[in-house]
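Observations on the three-dimensional arrangement
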Amino acid sequence: PVSRDGLTQVDEATLARPPGGGTYPFAYQYAKPGGVDLRFKLEAVKPRVTVESSNLVNIHPDRIVQDIIVAWRIEKAGVFKLQARLPEGFELESVKGIAEDGRAAPVVESRFVDKGLLTLNLAGQAMGVTRMNILLVKKLTDPALLQPGGGDVDLVIPLARAAEEGVESQQG
């Protein structure tokens, strides 16, 4: 509590058990007759998020396909939104939740991409490990790739990453 005027804290061991079991994390009794004032400051619990990803890259003459498994580990507080940074030039082909440990696959209620940031709005709260399969495609138009013996081509393939905001660490 921030303040407690007219109240004194009571040891939980001296109290009868609450109906239905449980505990009394805070218990008070009147210290003086008259008005009492008990004030609390409540702070939102922020989730602790770490991310692991694995990227499988397939190179075809006309396109690059990234098949990505992203595992968000969410602790302390659940989330309803997940985000990933998409590499420049790649288009989102599909995204789907992956069932795990007897839990149903997370359902993506809506998704959108804005300036390379993929936002997944979930139908329910995500807590624990939440896995998604993200499929990205980039079209290639280099003539050297489209013809056999067309010559050497240097390809730079940037990988998708979890969005940094709200993520404590990521590896993959």
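The coordinates are above.
What you see is a predicted model; the values in this text were computed from it and never measured. (Residues numbered from 1 in each chain as written. Predicted model: local features only at pLDDT ≥ 70, side-chain atom pairs only at ≥ 80, totals over all residues. Heavy atoms only, no water.)

Some points on the pattern of salt bridges
- This structure, assessed with the given rule, holds five salt bridges.
- Among the salt bridges present, the one from lysine 41 reaches glutamate 43, with a minimum N-O distance of 3.8 Å.
- Residue classification places lysine 41 among the exposed positions, given a relative accessible area of 60%.
- Judged by its relative accessible area of 63%, glutamate 43 falls in the exposed class.
- Close ionic contact of arginine 131 with glutamate 100 constitutes a salt bridge, the shortest N to O distance being 2.7 Å. In this pair, arginine 131 is assigned in strand E9 (residues 117-139) and glutamate 100 in the loop between strand E7 (91-98) and strand E8 (108-114), connecting sequence segments 31 residues apart. (Salt bridge = Lys/Arg side-chain N within 4 Å of Asp/Glu carboxyl O. Buried < 20%, exposed > 50% of the residue type's maximum accessible area, 1.4 Å probe, protein only. Helix = DSSP H or I, 4+ residues; strand = E, 2+ residues; numbered from the N terminus.)

Focus: the layout of surface pockets
- Its boundaries defined by the atoms lining it, the largest pocket holds a volume of some 260 Å³.
- Residue lining of the largest pocket: Pro47, Val49, Trp72, Val79, Phe80, Lys81, Leu82, Gln83, Ala163, Glu165, Gly166 and Val167, and that is the complete set.
- Here the element with the most residues in the lining of the largest pocket is strand E6 (residues 63-85); it accounts for six residues.
- Counted by class, the lining of the largest pocket contains eight nonpolar, two polar and two charged residues.
- In this model, the second largest pocket occupies a volume close to 190 Å³.
- Residue lining of the second largest pocket: 17 residues in total, with Arg103, Ala104, Ala105, Pro106 and Thr130 positioned closest to the centre.
- By residue number, the principal contributor to the lining of the second largest pocket is E9, which donates nine residues.
- When the residues that make up the lining of the second largest pocket are grouped by side-chain class, the tally is eleven nonpolar, three polar and three charged. (1 Å grid on protein atoms, 1.4 Å probe; cavity = no way out; pocket = protein on both sides within 12 Å on 5 of 7 lines; lining within 4 Å. Points joined across faces, edges and corners; volume = space filled by probe spheres on them. Nonpolar A, V, L, I, M, F, W, Y, C, P; charged D, E, K, R; others polar.)

That's the geometry; what it means functionally is another story.
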